[in-house]
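What follows is the residue order along each chain.
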Amino acid sequence: MNSIHPVVIASANGNRFRNGGDLTCVEKAFAEIIAGADVLDALIAGVNLNELDPEETSVGYGSLPNEEGVLQLDASVMHGPAKRAGAVAALEGVRTPSLVAKAVMEKTPHHLLVGRGAQAFARAQDFEIEDDLNSKNSREIWQEWKRRVALAGDLDGEARAAASHRVMQELVAEGLIDPQHIYGTINCNGINARGEICGVTTTSGTAWKMPGRAGDSPIFGAGLYVDGEVGAAGSTGRGESNLFSVSSFLIVENMRRGMHPKDAALEAARRVQQNTVEPRLLNARGLPNFGLNFYALNVRGEFAGVSMYPGAHYAVCTENGAETLLCEPLLDGRPED
Ligand code: GLY
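As a starting point, this report considers the structure included with it. (Residues numbered from 1 in each chain as written. Predicted model: local features only at pLDDT ≥ 70, side-chain atom pairs only at ≥ 80, totals over all residues. Heavy atoms only, no water.)

All right, on to the site of the ligand then. Neighbouring the ligand are Tyr-183, Thr-185, Gly-205, Thr-206, Arg-213, Gly-215, Asp-216, Ser-217, Gly-237 and Gly-239. Within the contact set of the ligand, an oxygen atom lies 2.7 Å away from a side-chain nitrogen or oxygen of Arg-213. Within the side chain of Asp-216, an N or O atom sits 2.8 Å from a nitrogen atom of the ligand. Bound to the protein, the ligand loses 100% of the 200 Å² it would expose on its own. Class assignment of the residues belonging to the shell around the ligand gives a composition of 1 nonpolar, 7 polar and 2 charged. (Near = heavy atom within 4 Å. Polar contact = N/O pair within 3.5 Å; in protein donor to acceptor, adjacent residues only side chain to side chain. Areas by Shrake-Rupley, 256 points an atom, 1.4 Å probe, with all protein chains shown as cover. Nonpolar A, V, L, I, M, F, W, Y, C, P; charged D, E, K, R; others polar.)

The following block contains the structure:
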């Protein structure tokens, strides 16, 4: 294979948070790839910055908890050349679920551990287990969400979900939460000069989700898919919609058939749109009322960020440095209109 220009791509939060240091996720991962690190180790070192940064309320420590105030974290890793993969779902008490996912890949004959079993495995692997991963900020925002939902009365099912959604929109409008952090997640994919390609996705899932809810991030083919001969793809945004369409697998398969990463990801976004027929998921125009973003990279080092609607960004680091770029949208307008 000809020499490839190394590149790291990620969701936009991959070029925003530094956890008090100098580098963002994509800068850190790129620097480690150039220094000769294994590509997956480099990407995980990058996303660890987001997982550990309390300012980043969508991933790892200090992110928005479930409806009971508990952080349940999901993560997956895929190693292209080794054709190995590991994941955890609903893991409590560990700040860096991406590292536990890597340990699942390396130390077990399995691909996915969940809940208490995932935590027992992490403990046995000497990860620090904490009683509570909330920061002061994430706990206070959860308490405010809970207080406002309680004011709506003793609701359940669809009515409670609607009340929760309305309160979420209020908190966004008041600037108390970043709209990107409602489904906030980081996906990061990279390739080195030898064409070795890997990916990682890590998240706290939807803010104030039902306990036990796992989204797309820990599911191979949905929140992340890597084929060492073809490329890598991952996603952020409404996990249920991505999970239903297993979009990351579809993007990689589209690239296998020769599509550029941008066209491969736009085709996946179109599939999600076609699969979105439930009235509760449609806006007044009959289009999806949620955001969903894809990040795709092929083994030639070509890449793209694609979103359902205009305005979403993605992060890239090459030999020219890190940039935050606009995603290519599938649809016009805004999800809520
Ligand atoms: N895409 C992240 C989630 O929905 O959990």
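Once that is clear, we can look at the packing of helix H1 (residues 25–34) against helix H2 (residues 39–52). Direction vectors running N to C along H1 and H2 enclose 155°, while the axes themselves pass 8 Å from each other. Comparing the axis directions of H1 and H2 gives the class roughly antiparallel. Read as a crossing pair, H1 and H2 show a hand that is right-handed. Residue-level inspection shows Cys-25, Lys-28, Ala-29, Glu-32 and Ile-33 of H1 in contact with H2, the latter providing Val-39, Asp-41, Ala-42, Leu-43, Ala-45, Gly-46, Val-47, Leu-49 and Asn-50. Per-class residue counts for the contact of H1 with H2 are 9 nonpolar, 2 polar and 3 charged. (Axes fitted to C-alpha atoms, helices over the stretch in contact; angles between N-to-C directions. Helix = DSSP H or I, 4+ residues; strand = E, 2+ residues; numbered from the N terminus. Parallel < 35°, antiparallel > 145°, perpendicular 65-115°, else oblique. Left-handed = near helix turned anticlockwise from the far one by under 90°. Contact = heavy atoms within 4.5 Å.)

The next point concerns the side chain of Ser-307. Residue placement: Ser-307 occurs in strand S10 (residues 303–307). Relative accessible area serves as the criterion here: at 1%, Ser-307 is assigned to the buried category. Contact partners of Ser-307, with chain neighbours within four places excluded, come to Leu-292, Asn-293, Ala-312, Cys-327, Glu-328, Pro-329 and Leu-330. (Buried < 20%, exposed > 50% of the residue type's maximum accessible area, 1.4 Å probe, protein only.)

Glancing now at the pairing of strand S6 (residues 197–203). Burial within S6 is extensive, with 7 of its 7 residues counted as buried. Burial along S6 is two-sided: Ile-197, Gly-199, Thr-201 and Thr-203 and Cys-198, Val-200 and Thr-202, pointing in opposite directions, are all buried. Summarising the sheet, strand S2 (residues 73–79) and S6 pair through 6 bridges and their orientation is antiparallel. In the sheet register, Ala-75 faces S6, and the bridge partner there is Thr-202. In the sheet, strand S5 (residues 185–191) pairs with S6 via 7 bridges, with the strands oriented antiparallel. (Pairing = 2+ DSSP bridges.)

A few words now on the nonpolar core. Among the nonpolar cores identified, the biggest contains 41 residues, and Ile-191, Ile-197, Ile-251, Met-255, Phe-294 and Met-308 are the most heavily contacted of them. Elements represented by at least two residues in this core include exactly strand S1 (7–11), strand S7 (224–227), strand S8 (231–237), helix H8 (247–256), helix H9 (261–275), strand S9 (292–298) and strand S11 (313–318). Apart from residues lying up to four places away in sequence, Met-308 is in contact with Ala-269, Val-272, Gln-273, Pro-288, Phe-290, Leu-292, Pro-329, Leu-330 and Leu-331. Of all hydrophobic cores here, the second largest spans 35 residues; its members include Ala-10, Val-94, Val-100 and Phe-127. (Core = buried A, V, L, I, M, F, W, Y, C linked by side-chain atoms within 4.5 Å.)

In this structure, Asn-19 sits in the loop between S1 and H1. Its relative accessible area of 31% is what places Asn-19 among the partly exposed residues. Sequence spacing of Asn-19 and Cys-317 is 298 residues, and the spatial spacing of their C-alpha atoms is 18 Å. Among residues more than four places away in sequence, those in contact with Asn-19 are Leu-49, Leu-52, Asp-53 and Pro-54.

Moving on to the packing of H8 against H9. One way to put it is that H8 packs onto H9 with a least axis distance of 8 Å and a crossing angle of 140°. With respect to each other, H8 and H9 are oriented oblique. Both H8 and H9 take part in a crossing whose hand is right-handed. Together, Ser-247, Leu-250, Ile-251, Asn-254 and Met-255 of H8 and Pro-261, Ala-264, Ala-265, Glu-267, Ala-268, Arg-271 and Val-272 of H9 make up the contact between the two elements. Broken down by class, the residue content of the contact of H8 with H9 amounts to 8 nonpolar, 2 polar and 2 charged.

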